[in-house]
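What follows is each chain in one-letter form.
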Amino acid sequence: MPDYVGKLFRSALVAAFYFGQILVQKRNHGGFILSHRDDASFDKLRTYRDAEDAVEIAKYDDAGDYRPLKTGPNLRHGWRLELATVEELSRALDYFYPGRLAVFAASKSGYVKTTTLRETLDRQSGMYRVAAKISDPQINDLVGDFCRSDRRCLRTILWKRDRNGAIASTKLPRDKFDPVADQAAARNPPGATAPATVPLLCQEPCNLLVAECRKIVKGENS
């Protein structure tokens, strides 16, 4: 993985890039600076210098609430992470957004395998087996709300609803399925020239979505 990150910097992403809500910049004297993309122009940020610090930074939102979904659009502000090597950068990005850098690398190599929501639900067991009974209209409504980039999840959906290729939800904008689109673009400063974007790709429905499907079937509040 570090080799792939290095290739990113040697190609189109030399100056800076967005990865979810993170801005990654190369330092003139070597190494990298990571910050919340909203804090790029702020000087008074708490500085960290260890890749493992990303674990704590990503754990809670600005209100101090735990973030169960690391790709949610609620990464906390006020920090700056300085790293010396590509290896540290790769490790930190994986702490912020587990598995997303690997999926992106696989997609660029043509090796990403997607799994439909129906397949994911059909293989559930135990208390989650009932989730497979959710109807298509219910899926359409649920995914249309649960996966929204503006308040739920910044991943770009690659998976389909079923093996017939049905779109995950007709209630989501087309950009939600476009790897080129920046899912956090609404947070860019007005009139600013945005850096390149590395998407947070979603190759299969997450466990949290499966749990929500179960709630719908059981008649519980989402």
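Quick note: structure is the one above.
The following refers to the structure shown. (Residues numbered from 1 in each chain as written. Predicted model: local features only at pLDDT ≥ 70, side-chain atom pairs only at ≥ 80, totals over all residues. Heavy atoms only, no water.)

**Describing the sheet that holds strand β4 (residues 46-48)**
Now for step 1: Strand order across the open sheet formed by six strands is β4-β5-β3-β2-β1-β7, with mixed pairing between neighbours. Each of the sheet's edge strands pairs with one partner strand only, and the pair in question is β4 and β7 (196-198). Strand-to-strand twist in this sheet, taken as the mean axis angle between neighbours without regard to direction, amounts to 25°. (Pairing = 2+ DSSP bridges. Helix = DSSP H or I, 4+ residues; strand = E, 2+ residues; numbered from the N terminus. Axes fitted to C-alpha atoms, helices over the stretch in contact; angles between N-to-C directions.)

**What to know about the side chain of S169**
Now for step 1: Residue placement: S169 occurs in the loop between β6 (156-157) and β7.
Now for step 2: In this structure S169 comes out as buried when scored by relative accessible area, which is 0%.
Now for step 3: From its side chain, S169 meets the backbone nitrogen of G144 in a polar contact 3.3 Å long.
Now for step 4: Discounting chain neighbours no more than four positions away, the residues touching S169 are N140, V143, G144, R161 and F177. (Buried < 20%, exposed > 50% of the residue type's maximum accessible area, 1.4 Å probe, protein only. Polar contact = N/O pair within 3.5 Å; in protein donor to acceptor, adjacent residues only side chain to side chain. Contact = heavy atoms within 4.5 Å.)

**Details of helix α3 (residues 86-96)**
Now for step 1: Turning to α3, its buried residues are L89, S90, A92, L93 and F96. The arc that holds the buried residues of α3, viewed along the axis, is 165°, so those residues lie on one side. (Arc of directions from axis to C-beta.)

**Overview of the pairing of strand β2 (residues 22-26)**
Now for step 1: Note that strand β1 (residues 16-19) and β2 share four bridges and pair antiparallel. Residue pairing in the sheet places F19 in a bridge with I22 of β2.
Now for step 2: The hairpin turn running from β1 into β2, its antiparallel successor, is two residues long, and G20 in that turn takes a positive phi close to 65°.
Now for step 3: Where β2 hands over to strand β3 (residues 32-36), the hairpin turn is made up of five residues, of which G30 adopts a positive phi near 105°.

**So, the side chain of R214**
Now for step 1: Following the sequence through the fold, R214 ends up in helix α7 (residues 207-218).
Now for step 2: With near-sequence residues (within four places) excluded, R214 lies in contact with M127, Y128, V130, A131 and E220.

**A word on the packing of helix α6 (residues 136-146) against α7**
Now for step 1: It is at 11 Å that the axes of α6 and α7 come closest, and there the two elements cross at 135°. As summarised for this structure, α6 and α7 are arranged oblique, according to the angle between their axes. Handedness of the crossing formed by α6 with α7: right-handed. Across the interface between the two elements, Q138, L142, V143 and F146 of α6 pack against L208, L209, E212, C213 and I216 of α7.
Now for step 2: When its residues are assigned to classes, the contact of α6 with α7 shows seven nonpolar, one polar and one charged. (Parallel < 35°, antiparallel > 145°, perpendicular 65-115°, else oblique. Left-handed = near helix turned anticlockwise from the far one by under 90°. Nonpolar A, V, L, I, M, F, W, Y, C, P; charged D, E, K, R; others polar.)

**What about helix α4 (residues 100-108)?**
Now for step 1: Among the residues of α4, those classed as buried are R100, L101, V103, F104 and A105.
Now for step 2: Residue G110 follows α4 closely and has a positive phi angle near 80°.

**What to know about the environment of E82**
Now for step 1: With respect to the helices and strands, the residue E82 is situated in strand β5 (residues 79-83).
Now for step 2: As a C-alpha pair, E82 and Y48 span 34 residues in sequence and 6.2 Å in three-dimensional space.
Now for step 3: In this structure, E82 is in contact with R27, F32, I33, T47, Y48, R49 and D50, ignoring residues within four places of it in sequence.
Now for step 4: Looking at E82, its side chain comes within polar contact range of the side chain of R49, at 3.3 Å.

**Topic: the nonpolar core**
Note on soluble globular proteins: their nonpolar side chains tend to be buried together.
Now for step 1: Core analysis: the largest hydrophobic core is formed by 28 residues, its most contacted members being F19, I22, L34, W79, L81, L93 and F96.
Now for step 2: Breaking this core down by element, the ones donating at least two residues are β1, β2, β3, α2 (53-57), β5, α3 and α4.
Now for step 3: Those residues in contact with W79, other than ones at most four positions away along the chain, are I22, L34, S35, H36, D39, L45, R46, Y48, I57 and F96.
Now for step 4: The next biggest cluster of nonpolar side chains, apart from the first, holds 17 residues, and it includes I134, L172, L209 and V210. (Core = buried A, V, L, I, M, F, W, Y, C linked by side-chain atoms within 4.5 Å.)

**Let's talk about the packing of aromatic side chains**
Now for step 1: Counted according to the given criterion, the structure contains three aromatic pairs.
Now for step 2: Here the aromatic rings of F19 and Y97 are separated by 5.7 Å at their centres, their planes lie at 80°, and the arrangement is edge-to-face. Taken together, the residues F19 in strand β1 and Y97 in the loop between α3 and α4 connect sequence positions 78 residues apart. Accessibility assignment for this pair places F19 and Y97 in one class, buried.
Now for step 3: Lying across the ring of Y18, R37 places its NZ or CZ 3.6 Å from the centre.
Now for step 4: Residue placement shows R214 over the ring face of Y128; its charged tip is 5.9 Å from the ring centre. (Phe/Tyr/Trp six-rings, centres within 6.5 Å; stacked < 30°, edge-to-face > 60°. Lys NZ or Arg CZ within 6 Å of the ring centre and 35° of its normal.)

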